[in-house]
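Here's the letter readout for the chains.
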There are 4 protein chains.
Amino acid sequence: MPTATSLRKDETGHLPPLAKASWQRQRAYWSDAFRRVRGETEARAGRLSPEDQVVQSMPDTSPTKWHRAHVTWFFETFLLAPHAPGYKIYDARFPFLFNSYYVAAGPRHARPKRGLITRPNAEEVGAYRAHVDAAVTALIEQADEETCAKIFPIVEIGLHHEQQHQELLLTDILHVFAQNPTNPAYDPDWTMPQAQPDKDAFGNLPSGIHNIGHVGDGFHFDNEKPVHPVLLQPARIERHLVTNMLWLEFMADGGYTTPALWLSDGWTQVQAEGWDGPGYWQQIDGQWFAMTLAGLQPVDLASPVCHVSYYEADAFARWAGKHLPTEMEWEVAARAGLMDDAFGLVWQWTRSAYAPYPGYRAAPGALGEYNGKFMINQMVLRGSSLATPEGHARESYRNFFYPQARWQFTGLRLVDYP
Amino acid sequence: MPTATSLRKDETGHLPPLAKASWQRQRAYWSDAFRRVRGETEARAGRLSPEDQVVQSMPDTSPTKWHRAHVTWFFETFLLAPHAPGYKIYDARFPFLFNSYYVAAGPRHARPKRGLITRPNAEEVGAYRAHVDAAVTALIEQADEETCAKIFPIVEIGLHHEQQHQELLLTDILHVFAQNPTNPAYDPDWTMPQAQPDKDAFGNLPSGIHNIGHVGDGFHFDNEKPVHPVLLQPARIERHLVTNMLWLEFMADGGYTTPALWLSDGWTQVQAEGWDGPGYWQQIDGQWFAMTLAGLQPVDLASPVCHVSYYEADAFARWAGKHLPTEMEWEVAARAGLMDDAFGLVWQWTRSAYAPYPGYRAAPGALGEYNGKFMINQMVLRGSSLATPEGHARESYRNFFYPQARWQFTGLRLVDYP
Amino acid sequence: MPTATSLRKDETGHLPPLAKASWQRQRAYWSDAFRRVRGETEARAGRLSPEDQVVQSMPDTSPTKWHRAHVTWFFETFLLAPHAPGYKIYDARFPFLFNSYYVAAGPRHARPKRGLITRPNAEEVGAYRAHVDAAVTALIEQADEETCAKIFPIVEIGLHHEQQHQELLLTDILHVFAQNPTNPAYDPDWTMPQAQPDKDAFGNLPSGIHNIGHVGDGFHFDNEKPVHPVLLQPARIERHLVTNMLWLEFMADGGYTTPALWLSDGWTQVQAEGWDGPGYWQQIDGQWFAMTLAGLQPVDLASPVCHVSYYEADAFARWAGKHLPTEMEWEVAARAGLMDDAFGLVWQWTRSAYAPYPGYRAAPGALGEYNGKFMINQMVLRGSSLATPEGHARESYRNFFYPQARWQFTGLRLVDYP
Amino acid sequence: MPTATSLRKDETGHLPPLAKASWQRQRAYWSDAFRRVRGETEARAGRLSPEDQVVQSMPDTSPTKWHRAHVTWFFETFLLAPHAPGYKIYDARFPFLFNSYYVAAGPRHARPKRGLITRPNAEEVGAYRAHVDAAVTALIEQADEETCAKIFPIVEIGLHHEQQHQELLLTDILHVFAQNPTNPAYDPDWTMPQAQPDKDAFGNLPSGIHNIGHVGDGFHFDNEKPVHPVLLQPARIERHLVTNMLWLEFMADGGYTTPALWLSDGWTQVQAEGWDGPGYWQQIDGQWFAMTLAGLQPVDLASPVCHVSYYEADAFARWAGKHLPTEMEWEVAARAGLMDDAFGLVWQWTRSAYAPYPGYRAAPGALGEYNGKFMINQMVLRGSSLATPEGHARESYRNFFYPQARWQFTGLRLVDYP
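Scoring rules and cut-offs
- Residues numbered from 1 in each chain as written.
- Chains lettered and ligands numbered in written order.
- Predicted model: local features only at pLDDT ≥ 70, side-chain atom pairs only at ≥ 80, totals over all residues.
- Heavy atoms only, no water.
- Helix = DSSP H or I, 4+ residues; strand = E, 2+ residues; numbered from the N terminus.
- Rg over C-alpha atoms; globule rule 2.2 N^0.38 Å.
- Buried < 20%, exposed > 50% of the residue type's maximum accessible area, 1.4 Å probe, protein only.
- Contact = heavy atoms within 4.5 Å.
- Pairing = 2+ DSSP bridges.
- Axes fitted to C-alpha atoms, helices over the stretch in contact; angles between N-to-C directions.
- Phe/Tyr/Trp six-rings, centres within 6.5 Å; stacked < 30°, edge-to-face > 60°.
- Buried area = accessible area lost by both parts, 1.4 Å probe.
- Salt bridge = Lys/Arg side-chain N within 4 Å of Asp/Glu carboxyl O.
- Expected span 1.5 Å × (residues − 1).
- Arc of directions from axis to C-beta.
- Domains from an automatic or database assignment.
- Least-squares fit on C-alpha atoms with pLDDT ≥ 70 in both.
- Polar contact = N/O pair within 3.5 Å; in protein donor to acceptor, adjacent residues only side chain to side chain.
- Nonpolar A, V, L, I, M, F, W, Y, C, P; charged D, E, K, R; others polar.
- Parallel < 35°, antiparallel > 145°, perpendicular 65-115°, else oblique.

Attention now moves to the overall build of chain A. Assigned secondary structure in chain A consists of 10 helices and 12 strands. A globule of 418 residues ought to have a C-alpha radius of gyration of about 22 Å, and chain A, at 22 Å, matches this closely. With respect to the principal axes defined by its C-alpha atoms, chain A has extents near 65 × 50 × 35 Å. Going through the 418 residues of chain A one by one, you find that 60% of them count as buried. The long-range share in chain A, meaning contacts at least 24 apart out of those at least 6 apart in sequence, stands at 79%.

A word on the sheet that holds strand β7 (residues 295-298) of chain C. Residues and elements named next belong to chain C. Strand order in the open sheet formed by three strands is β5-β6-β7, and the pairing between neighbours is antiparallel. Each edge of the sheet is formed by a strand with only one pairing partner; in this case those strands are β5 (281-284) and β7. The mean angle between the axes of side-by-side strands here comes to 35 degrees, regardless of whether they run parallel or antiparallel. The pairing of β5 with strand β6 (residues 287-292) spans four bridges and is classified as antiparallel. In the strand pairing of β6, Ile284 is matched with Gln287.

Turning next to the packing of aromatic side chains. All names here are of chain B. According to the stated counting rule, one finds 140 aromatic pairs over all chains in the structure shown. Summarising the aromatic geometry, the rings of Phe74 and Tyr102 are spaced 6.2 Å apart at their centres and angled 70 degrees between planes, so their arrangement reads as edge-to-face. In this pair, Phe74 is assigned in helix α3 (residues 64-83) and Tyr102 in the loop between α4 (94-98) and α5 (122-142), connecting sequence segments 28 residues apart. Neither Phe74 nor Tyr102 differs from the other in exposure class; each is buried.

Every contact between the two is made by 30 residues of chain D and, on the other side, 30 residues of chain C. Both sides of the chain D and chain C interface together cover about 2,300 Å² of buried area, and 59% of this is carbon and sulfur. When the buried area of chain D at its contact with chain C is split by residue, Glu51, Leu116 and Arg119 of chain D rank highest and sum to 31% of it. Here chain D and chain C share two salt bridges between them. Arg119 of chain C is the salt-bridge partner of Asp52 of chain D, the closest N and O atoms lying 2.7 Å from each other.

Now for helix α5 (residues 122-142) of chain C. Quick reminder: α-helices carry 3.6 residues per turn. Residues three or four places apart thus point the same way. Relative to the 30 Å expected for 21 residues at 1.5 Å per residue, α5 of chain C spans 30 Å between its end C-alpha atoms, a close match to the ideal helical length. Regarding α5 of chain C, the residues found buried are Ala122, Val125, Tyr128, Arg129, Val132, Ala135, Val136, Leu139 and Ile140 of chain C. On an axial view of α5 of chain C, the arc spanned by its buried residues comes to 145 degrees, and they lie on one face. Opposite the packed face of α5 of chain C, turned more than 90 degrees from it, sit the exposed residues Glu123 and Gln142 of chain C. Buried-residue contacts for α5 of chain C involve α1 (23-45), α2 (50-54), α3 (64-83), α4 (94-98) and α6 (145-178) of chain C together with α2 (50-54) of chain D.

Looking now at the domain arrangement of chain A. All names here are of chain A. Per the domain assignment, the segments of chain A are domain 1 (23-178) and domain 2 (202-416). One C-alpha centre belongs to domain 1, the other to domain 2, and the line joining them spans 28 Å. Listed as interface residues are 27 residues of domain 1 and, on the opposing side, 25 residues of domain 2. A combined buried area of about 2,400 Å² lies between domain 1 and domain 2, and 67% of that area is made up of carbon and sulfur atoms. Our enumeration of links across domain 1 and domain 2 arrives at zero salt bridges.

For the pair chain D and chain C, the best superposition has an RMSD of 0.0 Å and corresponds to a rotation of 180 degrees with a translation of 0.0 Å parallel to the axis. Taken together, the rotation angle and the small translation identify this as a two-fold axis. Nearest to the rotation axis, the C-alpha of Glu51 of chain D is located 2.6 Å from it, this being the minimum over chain D. Mapped onto chain C, 100% of the interface residues of chain D again fall at the interface, so both copies present the same surface.

When C-alpha atoms are compared, chain A and chain C, though not in contact, are closest at a spacing of 15 Å. The two units chain B and chain D are non-contacting; their minimal C-alpha-C-alpha distance is 15 Å.

This part takes up the sheet that holds strand β6 (residues 287-292) of chain A. Residues and elements named next belong to chain A. The strand order across the open sheet built from three strands is β5-β6-β7, with neighbouring strands paired in antiparallel fashion. The strands lining the two open edges of the sheet, one partner per strand, are β5 (281-284) and β7 (295-298). Taken over all neighbouring pairs, the strand axes of this sheet differ in orientation by 35 degrees on average, direction set aside.

In this complex, chain B contributes 30 residues to the contact, which on the side of chain A involves 30 residues. Across the chain B/chain A interface, buried area totals approximately 2,300 Å², and carbon plus sulfur atoms make up 59% of it. By the criterion of area lost to chain A, the three top residues of chain B are Glu51, Leu116 and Arg119 of chain B, representing 31% of everything that side buries. One can count two salt bridges joining chain B with chain A. Counting the contacts that link chain B with chain A gives 10 residue pairs in polar contact (both at pLDDT 80 or more). Considering every element that reaches the side of chain B that touches chain A, the biggest residue donor is helix α2 (residues 50-54) of chain B, with four residues. Of the residues belonging to the side of chain B that touches chain A, the class tally is 14 nonpolar, 10 polar and six charged.

Moving on, we come to the relation of the copies chain B and chain A. When chain B is fitted to chain A, the residual RMSD is 0.0 Å, and the transformation amounts to a turn of 180 degrees plus an axial shift of 0.0 Å. When you check the interface residues of chain B against chain A, 100% turn up at the interface there too, and the contact is symmetric in its surfaces.

The subject of this paragraph is helix α8 (residues 264-273) of chain C. All names here are of chain C. Within the sequence span of α8, burial applies to Asp265, Gly266, Trp267, Gln269 and Val270. Against α9 (310-319) lie the buried residues of α8. Immediately beyond the C-terminal end of α8, within one or two residues, lies Gly274, with a positive phi of roughly 65 degrees.

Turning next to the pairing of strand β6 (residues 287-292) of chain B. All names here are of chain B. The element β6 is extensively covered by neighbouring structure, given that five of its six residues are classed as buried. Joining the antiparallel neighbours strand β5 (residues 281-284) and β6 is a turn of two residues, in which Asp285 adopts a positive phi near 50 degrees. With four bridges joining them, β6 and strand β7 (residues 295-298) adopt antiparallel strand pairing. Bridging from a neighbouring strand, Thr292 pairs with Gly295 of β7. Linking β6 back to β7 in an antiparallel pair, the connection comprises two residues.

The next subject is unusual backbone geometry. Along the chain, Arg119 of chain A connects to Pro120 of chain A via a cis peptide bond; the corresponding omega equals 5 degrees. Looking at the element boundaries, Pro120 of chain A is found in the loop between α4 (94-98) and α5 (122-142). Note that the residue after Lys225 of chain D, namely Pro226 of chain D, is joined by a cis bond; omega there is -10 degrees. Note on placement: Pro226 of chain D falls in the loop between β2 (208-212) and β3 (228-232).

Residue and element names in this part refer to chain D. Viewed as axis vectors pointing N to C, helix α3 (residues 64-83) and helix α6 (residues 145-178) meet at an angle of 170 degrees, and their least axial separation amounts to 9 Å. With respect to α6, the element α3 is oriented roughly antiparallel. Residues belonging to the contact of α3 with α6 are distributed by class as follows: 14 nonpolar, seven polar and three charged.

Along the chain, Lys373 of chain D turns up in the loop between β8 (347-353) and β9 (379-382). Taking relative accessible area as the criterion, Lys373 of chain D reaches 14% and is therefore assigned buried. Discounting residues that sit within four places of it in the chain, Lys373 of chain D has contacts with Trp262, Leu263 and Ser264 of chain A together with Tyr101 and Val103 of chain D.

Residues and elements named next belong to chain D. The alternating pattern of β9 places Met379 and Leu381 and Val380 and Arg382 on opposite faces, both of which are buried. Sheet analysis places β8 next to β9, joined by three bridges and oriented antiparallel. Bridge pairing in β9 places Trp349 opposite Leu381. Where β9 and strand β10 (residues 399-401) come together, three bridges link them in antiparallel fashion. Its bridge partner lying in β10, Val380 is registered against Phe400.

Here you go:
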């Protein structure tokens, strides 16, 4: 579940390229970045009670408390244990509990059972965080130059990793609250970010050979590499995201009851789950409401549709007589500035299966498990969402989920071919 | 899951029969009993963090927080709503969340999803309890005589009901903790109550016609009635409970690997679950440990075996060349004082299927759902356990669980026939 | 799934007690009985195509071809292999395929996968039967007196066993055909046997101590022993079986939509399976039809209701303000001639859980697995059904099925208590 | 599950392009092609007993009898009903039973329950086939020119469709027989076709822009269109298929026990299913055997590995330090003659997810459901297998299965990048 733009974008610009800055300034930079990102996690969790933080509502989600501990384990395992002289594992029982899927990093607790672990509790996880925070900060601030060169890349990926979990923390707690018939609000004052008005406008995607993938020395995940050429046909991409208003038209036109609009696996899912609208929607006295971070709210027609699966996005595109873009088309359009709201509202499903770029090879060791082993059965999403942390998005970024997933902040825009 | 002896047994004896005491003394009695039982629930929950209280580890168990709220809903629904003038439901959302299985009392939340409800949280449930406590106490203390006659039986069943949940609160949290690889202790100082030493002694059960069922005007559940005659054959019942030492002999002799010892459904269960010892047992470096209220502890040879299912109890009896007693044999033996440790250590499986006594008919209305509708597919247990609240056990008491259940404090004693 | 009356009842009466007849006459008797029972199996299978004979429609049922082979394996394993000099197993692969549940007789194929075995096919199973028939007949006819004494009891239980499978052959193929939307008929000319008209009459069951269990030296299964005394209260048992007409009243009165009528597990089943009438019933244009051995037929009001589960029988009794009888009451009533249609139409659910009689102990060895290991989670049925072979029923006979089972020919009669 | 090369390739060459031949010659051609293809289906089924033909061993497979009837229904529904004057549906119950997944063609029987339908039986399906054969032949031979122009494309797709089911008929019956512990042989004389010896040779795939997709007016499925350009990087593709010898090296080197070699979903599958070798392999006394169309046979080292899933193919490629080719690379290599055994032994997994070609849009109506709605969650295979009918393979052909599927004749070849 990658996310992230270079953290350096938060900076004033005095440092780029950071690698050329003095070690002292680099230490200051990473110490500060570490403090800020770690603080954002705690700020997001701060609205939640101990009870909120322990529950796991389905195998795909994780408890808040687990997220807070897991990202801490990441720093402890990959940064402190190998690089902080004399560092001792905070609690010998934690690596088993808080390793997620890194087989090379040792045995781990079963993912679907994370919600059964009441101890350590939220407060104890807070103490674990504080302990690791102090050790990381001390390591950064006291590292000699040789150590700096080794540890800053690990700090960097650790922070990007934590930012990914910041987004999941919100999507997961929303799923928890959506199971509660009393519809609790994560933040009663929350509102959906404003989308650009739909002007029915298009951007013309230039055909020909384009380079795809992350360029330059900024931070990126391994799945964004290698940069490679692709051949695009001419296409017209919509400037706007698909809105709730359009989605209601799709529904009114039999969108959820017309099998010819659906992929076969999608139709099976619609029937098995009884889907009749986007995730978290329910009809009360003839009006549609959606469960949001502010609790149950009337559906806002002008907002982009959210919490739709790939199957639904694909059916909608077929109904509209258009297509989902490929991830390559999306990336080219993003670089060309052809889209509104590419970032910051909803992730946008593409019709590209998540696959390695030509020449991709996962790194050896535990960190090589970060992305590569998930390159099957999932579809790529591009852009970023309202839950993506500040400064954490880029054109080459590849997010991915199974085609039936709906609990992320996922929407779509369309493309067609002249 | 009935439990309870008459609460009146806690009393000094000045009151029996209570119905003859002055209304003023009765008010004082029930007010005090209410305070004591309610306090015991909070005392049992008091060792648990908010996180501990919210988790549900399997569909059969319930969160601590749910237990605390459900027993409160019971008083609110069956006592305050119909009998306290002007009483308003504390929170309109709670009846749906905290009704257990009383179809006649309205719709209710799905049992297997109780652990997904983080709000109201433990503290808010505490406030709910305090509110209802005040209202019940005021109702008792201010009731006129006519009202007293109506409400004291409801108070009484409400308290027995709460005592049943006090036992479940412990069995359920033990199950939660047993899912945690760190083996948390509910109470580090807890120890198993001491059993009477096994003297290999027997009591001779007199053959002939005996009356079975609850006699007299003390409190009882409807499933203990009507009193009715049964015909017993002569039998010898063991004075002692089956111990861990004996159970280890059974295991060493191939108890869990010899299909001929098992009921067919039991053997299927053994293989499906991979059982090789009682519930919560695990072998570490050749020694057996058991997860207990004090965390993981070495198995104590002299203690009665605990957390065995009916299937295991039945297989053990076959291995021993004996039988489990019928519930009638157990009750006659209990009245005759033929057994040690009949109460207070482990519930004892009988070979009687849970069925209505001749002439039994469940009461109309929601309280009629208390027992009758569970009279299928379950086996009767007699006695009481270490978790049964003080003064809450009697000879005619009928507990019942499915034959595969192991998370209760369940053991056995044997009988044979000369 | 026991069934059977003494086969000797088919006899003229010259032989009783058979044990006193000359060996020559006994040989002739058993040879003839063997030929007749084996022939009845083939006659029942004779209406079925090879395709009909191979399919298994759920784990509880078995293919016709399997039934034909399994009963043959029974004779081969328990009679020929130990007692026929020089007998060689017909096909070394068959014992694995055709052992049902006799753990002591060796490993066996998984029950739910019996329908995946296309080879040996029906014709090859016919050849297997012919081979074993010849060997058994030769053994019987050539046995010396000592051998006769050993083998006749095995022949006898083998024939009773085969008769049980004759009944299952019909119930199982009806279930297969009920899965087919074209509603095939096993026998287009089949009709339900005529029931005695319902005269709203009762038999008075005498209270007091009665002996229960099989008396005398005739054939019986081990679960009918020991004979033992039971104490009955006075009761009135209905002469007639509950009819379809009454069942339609129950349905019209909300029988399948009123949870208060149902055991909790039964109500769960009703909702999970969407039951709204007896098994195999469907409503077409407002009229109720039932899938029968003659295909889909209009429901006959005067016939006894059939294909109801224990849960349904129990709910009906509650609705009617009466009870199902205990198996002891049924047996006493049967001996006293208080019931019409006790045999030959539908098995009658009792409210007795299937349990060992006092003092029962299963025999050692494979044949000891016949009954004893199923004595849990099942309810006793008494009488016999339209599918029970001629001469195969007796007052002490105990049939048993899980409370949710509906594919047998199962109905009910009621009792009440003055 | 597409397959097929143009049937016209079977012809002498006098006809191409067929569309220019006289109508009379076209009638003769199609009448003959129809007779030949229909005959091949019956020849393949002819080795099977009625019992063999009725069983369904898992939801993904279908009974032989169903295949024979379904392809017949296809001609009846799409050819005879709309185009044969006065044609009446042979049996009104068959369209429901033998429609596979064409929602637009009406309701249909549940796929996983096809094996429960014993009637119509194999013989009756034979009669259905004969009836439809006669009607189709008469239609072809008597059609006027206008009708010919309409019906020949339907005959053509109907025959390609039937050829696809001819392959499935074999893969499905092999799966049925593999469930049988007696290991039946479909054809005792069957042998795996000989592969070209592995000379460790490579073909150099030219980089640059290539056209992909079916060119010309020959038969093809809609998923092979539109022809479109793709950009390839330089690559080296192996001439030979991966053999059993190499696969045993992979196994010996911990292939099935090293999670780092596997996609995450693949590793989950390995553990859930206990895979330790290709599908249908079992080890007996240290030697590996495989269940084949000739029954259980020792694994032949020189043969291409078969019955491996995508997950296994992908893990093998990672172990070998190479890759599976994309479907575009495979197609370009095929056209350039760079591979041995591209056709006729085993389908070859590619690393391309099954997706529409740019500009693809499924046709309206039932036949539009043929391919398009399956374009999710599946991986493309190229080439053809030993079970693919004669003359039924082409370079642009796209087969597709879920990544866990193993019951098809599936293998692989590798590619790497210089």
